[in-house]
Amino acid sequence: MWQQVWHAWISTDPVLDFFKCFTAAVMTLISIWRFPAVRYGDAHRRALWGGYAGFSVALCLYTPAAMDAVGQIPVVDLSALLRHFASTAAIMAALTYVATSYGKTSEAFVPRHVEVSRWIARASYRAGAVGVVLLAVLFFTVVKRDRPSEDFLIDHAGQWGVAVYMTVFYFFPLVTTAVCGYQWTRVARRAESTSMRIGLGLMGFSMWMGLVHTVARITILWGAVIFPLSESTVQLLVDATAIWMNLLFIIVAVGASIPTTRAAAARWKTFRTLYRIYPLWFDLVEAFPGTSLYPPGRRIRELLQVRVPIDVRLDRWTQDISDACEKLRYYVPCDLMFAAEDLASVHSDPGPTAEAYWVKAGLLAANDESARPSSATLLRDKPFVDTDSEAAWYVRVSAVYSQIDTDQAQRVLDKSQKLEPSSRN
């Protein structure tokens, strides 16, 4: 009874299609998120991205839309071959990621399990190249492809050629899941932070799930050859292992994402900081061309550009603001800061408010046609200890700066010209 219920549920096309599309979408989003790693010279991060990208392509090729698109090419079951090529590439990237997780190979003492992982990773490139060629040869010779199949394994169940072909393919995930499962489980126990322990533990668990999936698939294939199984039984087993595979990829995605939550939060905080200081930065670097490395653009374009890492951009913007303020000191009235401080004294945040008035009125004076550089005027020193504290200050300044209109800035400018020398601090 339970078998009939299970078969009726799992064999429903919308259910399987949902799992396939959902898993493919999750892996694609992660590979897009980690794509900036390709631009860096870190082989560790590039290998991790390569694994995500390869599995993303393979999972996308499982979706009905991709299979229909590839089906337009006049090569029967080409989508299956492409899936296996993409998976093989992802597996080699995963092995490289595990091998590079342990630092350089020039260390005086290397534990045996690390040495074995590195040897397997080095050998995987040659084995992968041989495997891809062998898969292509077997695919076009021993696999019966007289008509397109809706499901490669189910429609070819019981054929020894497909059993040999898939055994060659499953050799790679068999080795990879064993190596990654052992290494990630071992490292998870020694991780310092809770997020790393949970993340690596989930990834290690998913690899052991992958090992079970691989062994089960090989058993199903050869079992159908040695002991002919009914089509319904084969479909039940294949669909069940397909759900298992999609579940393990979801666990991989969750496990890989947990340790990066802190980094993601930091990136979001940096993005918000850039968004908030943009008005101050834009007006200053536009008033003093050459302060920034490149001409300022609109806010959306500046925030979405990826040519420079976001943390480097924040460091540059804060330095640009500081440099522009230093140049502005030579164009403002000598009593402007005192006038700004008088006006800001009643404000809840007087320090940043005074500087915001000083910048706004100073830019107004500097843009005057008669403005000429003279001796530098007063600008209060701030005890910044790092880029984050400086950026936090400019966020407060920019918040007030954005609310000051031209009339208010002009009043501050006029007041500075009326102050007596005795009123200075």
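Predicted, not measured: the structure shown is a model, and the values here were computed from it. (Residues numbered from 1 in each chain as written. Predicted model: local features only at pLDDT ≥ 70, side-chain atom pairs only at ≥ 80, totals over all residues. Heavy atoms only, no water.)

Visitor: Explain the overall build of the protein chain to me, using residue names and the numbers behind them.
Guide: For the protein chain, the count of helices and strands is 17 helices and zero strands. Counting over 425 residues, the protein chain shows a buried share of 44%. Within the protein chain, residue pairs in contact and separated by at least 24 positions form 76% of the contacts whose partners lie at least 6 positions apart. For the protein chain, the exposed surface amounts to about 22600 Å²; the carbon and sulfur share of it is 62%. (Helix = DSSP H or I, 4+ residues; strand = E, 2+ residues; numbered from the N terminus. Buried < 20%, exposed > 50% of the residue type's maximum accessible area, 1.4 Å probe, protein only. Contact = heavy atoms within 4.5 Å. Areas by Shrake-Rupley, 256 points an atom, 1.4 Å probe, with all protein chains shown as cover.)

Visitor: Give a description of the pattern of salt bridges that names residues and reports values.
Guide: Applying the stated rule across the entire model yields three salt bridges. Put simply, Arg-329 and Glu-326 hold a salt bridge, and the shortest N to O gap is 3.0 Å. (Salt bridge = Lys/Arg side-chain N within 4 Å of Asp/Glu carboxyl O.)

Visitor: Help me get a handle on unusual backbone geometry, residues and values and all.
Guide: Non-glycine residue Asp-77 carries a positive phi angle of around 60°. With respect to the element layout, Asp-77 can be found in the loop between helix H4 (64-70) and helix H5 (78-100).

Visitor: Quick rundown of empty space enclosed by the protein? Include the residues and the values.
Guide: Under the counting rule described, the total for this entry stands at one cavity of 30 Å³ or more. Of the pockets and cavities examined, the largest cavity occupies roughly 50 Å³. Together, Leu-153, Ala-157, Arg-217, Ile-220, Leu-221, Ala-224, Val-234 and Val-238 line the largest cavity. For the lining of the largest cavity, the elements supplying multiple residues, two or more each, are helix H9 (194-226) and helix H10 (231-257). Across the lining of the largest cavity, the residue classes break down as seven nonpolar, no polar and one charged. (1 Å grid on protein atoms, 1.4 Å probe; cavity = no way out; pocket = protein on both sides within 12 Å on 5 of 7 lines; lining within 4 Å. Points joined across faces, edges and corners; volume = space filled by probe spheres on them. Nonpolar A, V, L, I, M, F, W, Y, C, P; charged D, E, K, R; others polar.)

Visitor: Quick one: what's the story with the nonpolar core, residue by residue and with numbers?
Guide: Generally speaking, nonpolar side chains in soluble globular proteins are found buried as a group. Judged by nonpolar contacts, the single largest core of 45 residues is most densely connected at Leu-280, Leu-284, Trp-317, Ile-321, Leu-328, Trp-358 and Val-359. Going through the elements one at a time, helix H11 (261-287), helix H13 (310-328), helix H14 (336-344), helix H15 (350-366), helix H16 (387-401) and helix H17 (406-418) are the ones with two or more residues in this core. Top contributing element to this core by residue count: H15, with nine residues. Counting 33 residues, the second-largest nonpolar core is a separate cluster that includes Leu-59, Phe-172, Ala-188 and Met-207. (Core = buried A, V, L, I, M, F, W, Y, C linked by side-chain atoms within 4.5 Å.)

Visitor: Residues and numbers for H13, please.
Guide: Quick reminder: α-helices carry 3.6 residues per turn. Residues three or four places apart thus point the same way. If you check H13, its first and last C-alpha atoms are 27 Å apart, about what 19 residues at 1.5 Å a residue would give, namely 27 Å. For H13, every residue scored as buried is listed here: Ile-310, Arg-313, Leu-314, Trp-317, Thr-318, Asp-320, Ile-321, Ser-322, Ala-324, Cys-325 and Leu-328. Summarising the contacts, the buried residues of H13 are in contact with H11, helix H12 (299-304), H15 and H16. (Expected span 1.5 Å × (residues − 1).)

Visitor: Summarise the environment of Leu-59; cite the residues concerned and give the values.
Guide: Relative to the helices and strands, Leu-59 resides in helix H3 (residues 43-60). Judged by its relative accessible area of 3%, Leu-59 is buried. Put simply, Leu-59 and Ala-86 are 27 residues apart on the chain and 9.1 Å apart in space, counted from C-alpha to C-alpha. With near-sequence residues (within four places) excluded, Leu-59 lies in contact with Thr-23, Ala-24, Met-27, Met-245, Asn-246 and Phe-249.

Visitor: An account of a nonpolar patch on the surface is needed here, citing residue identities and associated values.
Guide: On the surface, Trp-222, Ile-226, Phe-227, Leu-229 and Leu-237 cluster together into a nonpolar patch covering about 480 Å² of accessible area. Tracing the backbone shows Trp-222 in helix H9. Take Trp-222: its relative accessible area is 30%, and that puts it in the partly exposed class. (Patch = residues over 30% accessible without salt bridge, like charges linked within 9 Å, V, L, I, M, F, W, Y side chains within 5 Å.)

Visitor: Would you mind going over the side chain of Thr-353 in detail, with residue names and values included?
Guide: Assignment of secondary structure puts Thr-353 in helix H15. Not counting residues within four places of it along the chain, the set of residues in contact with Thr-353 comprises Ala-344, His-347 and Val-400.

Visitor: Now, about the state of the cysteines: what can you tell me, with residues and values included?
Guide: On inspection of all chains with the given rule, the structure shows zero disulfides. Lacking any disulfide linkage, Cys-60 is separated from the closest cysteine sulfur, that of Cys-21, by 8.8 Å. For Cys-60, a relative accessible area of 28% gives the class partly exposed. (Disulfide = S-S within 2.5 Å.)

Visitor: So what's going on with the packing of aromatic side chains? Which residues, and what values?
Guide: Evaluation of the coordinates by the stated rule reveals 12 aromatic pairs. Both rings, one in Phe-139 and one in Tyr-165, keep their centres 5.9 Å apart while their planes meet at 50°; by these two values the pair is tilted. Of this pair, Phe-139 sits in helix H6 (residues 112-141) while Tyr-165 sits in helix H8 (residues 160-190), and the two are 26 residues apart along the sequence. On the accessibility criterion, Phe-139 (0% relative accessible area) is buried. With a relative accessible area of 0%, Tyr-165 lands in the buried category. Pairing Trp-281 with Trp-317 gives two aromatic rings, centres 4.1 Å apart and planes at 5°, and the pair type is stacked. Of the two residues, Trp-281 sits in helix H11 while Trp-317 sits in helix H13, which places them 36 residues apart along the sequence. A single burial state applies to Trp-281 and to Trp-317, both of which are buried. A network of ring pairs unites the aromatic residues Phe-139, Phe-140, Phe-152 and Tyr-165 as a single cluster. (Phe/Tyr/Trp six-rings, centres within 6.5 Å; stacked < 30°, edge-to-face > 60°.)

Visitor: Would you mind going over the confidence of the model for the protein chain in detail, with residue names and values included?
Guide: Residues at a pLDDT of 70 or more form 85% of the protein chain, whose mean pLDDT is 80. The model gives residues 1-12 a pLDDT under 50, and that stretch makes 15 contacts with residues more than four places away or in other chains. (pLDDT = per-residue confidence, 0-100.)

Visitor: Explain the packing of H11 against H16 residue by residue, including any values.
Guide: Two elements in contact, H11 and H16, have axes separated by 8 Å at closest approach and are oriented at 65°. Between H11 and H16, the angle is such that the two are roughly perpendicular. Helix-helix and strand crossings are classified by hand; for H11 and H16 the assignment is left-handed. Only Ala-391, Tyr-394, Val-395, Val-397, Ser-398 and Tyr-401 of H16 make contact with H11, whose side of the interface consists of Thr-273, Arg-276, Ile-277, Pro-279, Leu-280 and Asp-283. Looking at the contact of H11 with H16 residue by residue, the class counts come to eight nonpolar, two polar and two charged. (Axes fitted to C-alpha atoms, helices over the stretch in contact; angles between N-to-C directions. Parallel < 35°, antiparallel > 145°, perpendicular 65-115°, else oblique. Left-handed = near helix turned anticlockwise from the far one by under 90°.)

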